[in-house]
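# Residue-level structure breakdown
Take a look at the letters that make up each chain.
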Amino acid sequence: DKVELAVFKVSAFDKDFKQLERLLTENSALRRHKTREQEKRRQREIYESNIKKELNNLDSLIGQNKLEDSKFLINRLSKSIKPDYRKGIERLAKAKEKLKEKELEILRKRQAELFRQQQEEVEKIRIEQERILEQKRILREQEEAKKRIEESKRLEKENKLKALLNKKSNWRDLQKVLQQN
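Residues numbered from 1 in each chain as written. Predicted model: local features only at pLDDT ≥ 70, side-chain atom pairs only at ≥ 80, totals over all residues. Heavy atoms only, no water.

## Examining the overall build of the protein
For clarity, the threshold we go by: Here a helix means four or more residues in a row that DSSP labels H or I, a strand means two or more in a row labelled E, and each is numbered from the N terminus. Partly exposed residues are those whose accessible area sits between 20% and 50% of the maximum for their type, while under 20% is buried and over 50% is exposed, using a 1.4 Å probe and protein chains only. Two residues form a contact once any of their heavy atoms are found within 4.5 Å. Computed by Shrake-Rupley with a 1.4 Å probe, the accessible areas treat only the displayed protein chains as cover when residues are assessed.
The number of helices and strands found in the protein is four helices and zero strands. Written out in order from the N terminus, the α and β elements of the protein read α-α-α-α. A total of 181 residues make up the protein; the buried ones form 12% of that total. Sequence separation of 24 or more characterises 54% of the internal contacts of the protein that already satisfy a separation of 6 or more. Surface accessibility of the protein: about 15,900 Å² in total, with carbon and sulfur atoms responsible for 55%.

Shown next, in the form of structure tokens:
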């Protein structure tokens, strides 16, 4: 009986020792796992912080109308944001939408400015054409006035000649008139 009892005690001690050893290794594994999880969490926080900084930078670039830089940063962020980071993906999508709106706004402004310039050019051309037409009208009126004056002078001289011919008495006046003409 004693031998069996001694074996039993050693095996119980062995069993307790193995259980203790197993608990220690599990505790060590738990500690390693906890450390690993903390490191993962810390890396994730750094990653999220960096992504947030880049997204804030993107928002400021869009606000400053630096569209080419914004597109480059969007492209880079699209590749670097992990699929499980929903907030980052949502902010990136909003930034893309904001960029498109900004591009449309700039395009509208450019088109409005171009339209305004075209309108100004059309107005200048219209004013210039009106000025040219007015000058032509004035020249025409001046020419007509000259013609009327010349015509009236010619008629006056003709009438004088007719009057002189009718009188025939004053040949000297006729000679003067003829010399003037």
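## Considering the nonpolar core
Convention followed: We call a set of buried residues a nonpolar core when its members are Ala, Val, Leu, Ile, Met, Phe, Trp, Tyr or Cys and they connect through side-chain atoms within 4.5 Å of each other.
Counting 16 residues, the largest nonpolar core has Ile51, Leu55, Leu58, Leu77, Ile81 and Leu92 as the members making the most contacts within it. Ignoring any residue separated from it by four or fewer positions in sequence, one finds leucine 92 in contact with Leu55, Leu58, Ile74, Leu77, Ser78 and Ile81.

## Description of the pattern of salt bridges
Cut-off, in case you're wondering: We define a salt bridge as a side-chain nitrogen of Lys or Arg found within 4 Å of a carboxyl oxygen belonging to Asp or Glu.
Enumeration according to the criterion identifies 18 salt bridges in this entry. Of the charged contacts, one joins arginine 131 and glutamate 128 as a salt bridge, the two residues approaching to 2.1 Å between their closest N and O atoms. On the criterion of helical spacing, the pair formed by arginine 131 and glutamate 128 is a turn pair, its members being three residues apart in helix H3 (residues 86-167). Taking the relative accessible area as the measure of exposure, arginine 131 reaches 39% and is therefore partly exposed.

## Here's the deal with the confidence of the model for the protein
Basically, it comes down to this: pLDDT is a per-residue confidence score from the predictor, ranging from 0 to 100.
Scored by pLDDT, the protein has a mean of 86; 86% of the residues are at 70 or more. The least confident element of the protein, judged by mean pLDDT, is helix H4 (residues 171-180) at 69; the most confident is H3 at 92.

## Structural notes on helix H2 (residues 67-80)
Stated formally: Expected helix span is taken as 1.5 Å per residue step, with the number of steps being one fewer than the number of residues. By construction, the arc corresponds to the directions joining the helix axis to the C-beta atoms.
Look at H2: 20 Å from first C-alpha to last across 14 residues, which is about the 20 Å you get at 1.5 Å a residue. For H2, the set of buried residues is Leu67, Ser70, Leu73, Ile74 and Leu77. Looking down the long axis of H2, one finds its buried residues gathered within 115° of arc, a one-sided arrangement. Facing away from the buried side of H2, by more than 90 degrees, are the exposed residues Glu68, Phe72 and Lys79.

## So, the side chain of lysine 102
Note the following rule: When charges are counted, Lys and Arg are positive and Asp and Glu negative, with His and the chain ends excluded. Under this definition, polar contacts are N or O atom pairs within 3.5 Å; protein pairs additionally need one hydrogen-donor-capable and one acceptor-capable atom, and for neighbouring residues in sequence, both atoms have to be side-chain atoms.
Position of lysine 102 relative to the elements: it lies in helix H3. Buried charge without a partner: lysine 102 forms no salt bridge, and the closest opposite charge is glutamate 105, 4.5 Å away. In this structure the side chain of lysine 102 is engaged in a polar contact, spanning 3.5 Å, whose partner is the side chain of asparagine 65. Not counting residues within four places of it along the chain, the set of residues in contact with lysine 102 comprises Ile62, Gly63, Asn65 and Leu67.

## Notes on the packing of aromatic side chains
This is how it is decided: Only the six-membered ring of Trp is used, alongside the rings of Phe and Tyr, when aromatic pairs are assigned; centres must lie within 6.5 Å, and planes under 30 degrees apart are stacked while those over 60 apart are edge-to-face, with the rest tilted. A ring has a charge above it when a Lys NZ or an Arg CZ is no more than 6 Å from the ring centre and no more than 35 degrees off the ring normal.
If you walk through the whole model with that rule in mind, you get one aromatic pair. Aromatic pair tyrosine 47 and tyrosine 85: ring centres 5.8 Å apart, planes at 65°, arrangement edge-to-face. With tyrosine 47 in helix H1 (residues 2-63) and tyrosine 85 in the loop between H2 and H3, this residue pair connects regions lying 38 residues apart in the sequence. Owing to a relative accessible area of 13%, tyrosine 47 belongs among the buried residues under this scheme. In this structure, lysine 82 is placed above the aromatic ring of tyrosine 47, and the distance from its NZ or CZ to the ring centre is 4.7 Å.

## Some points on unusual backbone geometry
Backbone geometry at asparagine 65 places phi at a positive 65°, although glycine is not the residue there. Judged by its relative accessible area of 40%, asparagine 65 falls in the partly exposed class.

## Details of the environment of lysine 102
Judged by its relative accessible area of 19%, lysine 102 falls in the buried class. On a C-alpha basis, the gap between lysine 102 and glycine 63 in space is 8.4 Å, while along the polypeptide they are 39 residues apart.

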